[in-house]
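In case you want the letters, here they are:
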Amino acid sequence: MINKELILKAIEARENAYCPYSNFKVGAAVLFEDDKIYTGCNIENASFGATNCAERTAIFNGISHGNRLIKAIALIGDPNAFTYPCGICRQVISEFAESKDTKIYIIKNENEILEKTLEEIMPGTFTKEDLDK
Ligand SMILES: [Zn+2]
């Protein structure tokens with residue numbers, strides 16, 4: 001069952017995007033183990049490499065509040081298409097995801113949402129377990 005609040009908060013967070021260079025707004029909302037939702041938007045920079053994606057902004061927001069486990073994440077970019085997380089964000093999601101089955105909701109609009117799992121969008125992920133081998 002899709003967490004409607006998670007979807008709405010991602011859509012709402014998109015409005016705070018700081019994207020004067022791409023004009024491509026992205027919003028994200030993450031449900032953590034404290035059962036609270038943390039949001040984020042993309043934050044661009046004149047030095048493009050300093051740009052931070054919405055998903056990572058939201059994840060770092062939750063982590064900085066003491067959380068370590070992502071229960072679900074929702075994101076919205078282009079409202080006319082499904083915008084998936086970039087490779088860097090997929091790697092960061094994998095660091096904190098509760099499991100490979102953690103849900104990732106790709107939102108086009110309030111009524112059109114793709115439900116994916118981490119395993120589906122990032123198979124064979126390099127994780128902290130790989131460092132123990
Ligand atoms: Zn990203």
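Residues numbered from 1 in each chain as written. Predicted model: local features only at pLDDT ≥ 70, side-chain atom pairs only at ≥ 80, totals over all residues. Heavy atoms only, no water.

The name an unreviewed UniProt entry assigns to the protein chain is Cytidine deaminase, from the organism Clostridium cibarium. The UniProt entry for the protein chain carries this comment under Function (unreviewed entry): "This enzyme scavenges exogenous and endogenous cytidine and 2'-deoxycytidine for UMP synthesis." According to UniProt, the comment filed for the protein chain under the heading Cofactor (unreviewed entry) is "Zn(2+)". (UniProt positions renumbered as here; feature names shortened; annotations may be inferred.)

The next point concerns the coordination of the zinc ion. Around the zinc ion, the protein contributes the donor atoms Cys53 (SG), Cys86 (SG) and Cys89 (SG), which lie 2.2 to 2.3 Å from the metal centre. Along the chain, the residues donating to the zinc ion fall in the pattern C-x32-C-x2-C. Of this pair, cysteine 53 sits in the loop between β2 (37-41) and α2 (54-63) while cysteine 89 sits in helix α3 (residues 87-96), and the two are 36 residues apart along the sequence. The buried category is assigned to cysteine 89, whose relative accessible area is 0%. (Donors = N, O, S within 2.8 Å, 3.2 Å for Na, K, Ca; no water. Helix = DSSP H or I, 4+ residues; strand = E, 2+ residues; numbered from the N terminus. Buried < 20%, exposed > 50% of the residue type's maximum accessible area, 1.4 Å probe, protein only.)

On to α2. The buried fraction of α2 amounts to eight of the ten residues, a majority that puts the element mostly inside the structure. Within α2, the full set of buried residues consists of Ala54, Glu55, Arg56, Thr57, Ala58, Ile59, Gly62 and Ile63. Residues of α2 that are buried sit in contact with β1 (27-32), β2, β3 (70-76) and α3. (Contact = heavy atoms within 4.5 Å.)

A few words on the UniProt feature "domain: CMP/dCMP-type deaminase" (unreviewed entry) in the protein chain. When the UniProt feature table is mapped to this numbering, "domain: CMP/dCMP-type deaminase" (unreviewed entry) covers residues 1-129. Across residues 1-129, the secondary structure splits into 29% helix and 24% strand, with the terminal C-alpha atoms separated by 30 Å.

Attention shifts here to the pattern of salt bridges. The full count for this structure, using the stated rule, is nine salt bridges. In this structure, the salt-bridge partner of glutamate 119 is lysine 100, at a minimum N-O distance of 3.9 Å. Taken together, the residues span a long stretch of sequence, with glutamate 119 in helix α4 (residues 118-121) and lysine 100 in the loop between α3 and β4 (103-109) at a distance of 19 residues. (Salt bridge = Lys/Arg side-chain N within 4 Å of Asp/Glu carboxyl O.)

Attention now goes to the sheet that holds β1. Think of a sheet as strands paired side by side through backbone hydrogen bonds, with each pair either parallel or antiparallel. Taken in spatial order, the five strands line up as β2-β1-β3-β4-β5 in an open sheet, and their pairing is mixed. Both outer strands of the open sheet, β2 and β5 (112-117), are each paired with one neighbouring strand and no more. Neighbour-to-neighbour, the strand axes of the sheet open up by a mean angle of 20°, direction not taken into account. As judged from the six bridges shared by β1 and β3, these two strands associate in the antiparallel manner. (Pairing = 2+ DSSP bridges. Axes fitted to C-alpha atoms, helices over the stretch in contact; angles between N-to-C directions.)

Okay, a nonpolar patch on the surface next. Together, Tyr18, Tyr21, Ile43 and Phe48 make up a nonpolar patch on the protein surface, roughly 440 Å² of accessible area in all. By the element assignment, tyrosine 21 lies in the loop between α1 (4-14) and β1. With relative accessibility at 41%, the residue tyrosine 21 sits in the partly exposed group. (Patch = residues over 30% accessible without salt bridge, like charges linked within 9 Å, V, L, I, M, F, W, Y side chains within 5 Å. Areas by Shrake-Rupley, 256 points an atom, 1.4 Å probe, with all protein chains shown as cover.)

Our focus in this paragraph is the pairing of β3. Counting buried positions along β3 gives six out of seven residues, so the element sits mostly inside the fold. In this sheet, β4 lies alongside β3 in parallel orientation, the contact comprising five bridges. Opposite isoleucine 76, over in β4, you have isoleucine 107 as the bridge partner. At this point the chain moves from β3, through α3, to the parallel β4, and the crossover so formed is right-handed. (Right-handed = clockwise from strand over helix to strand, strands pointing away.)

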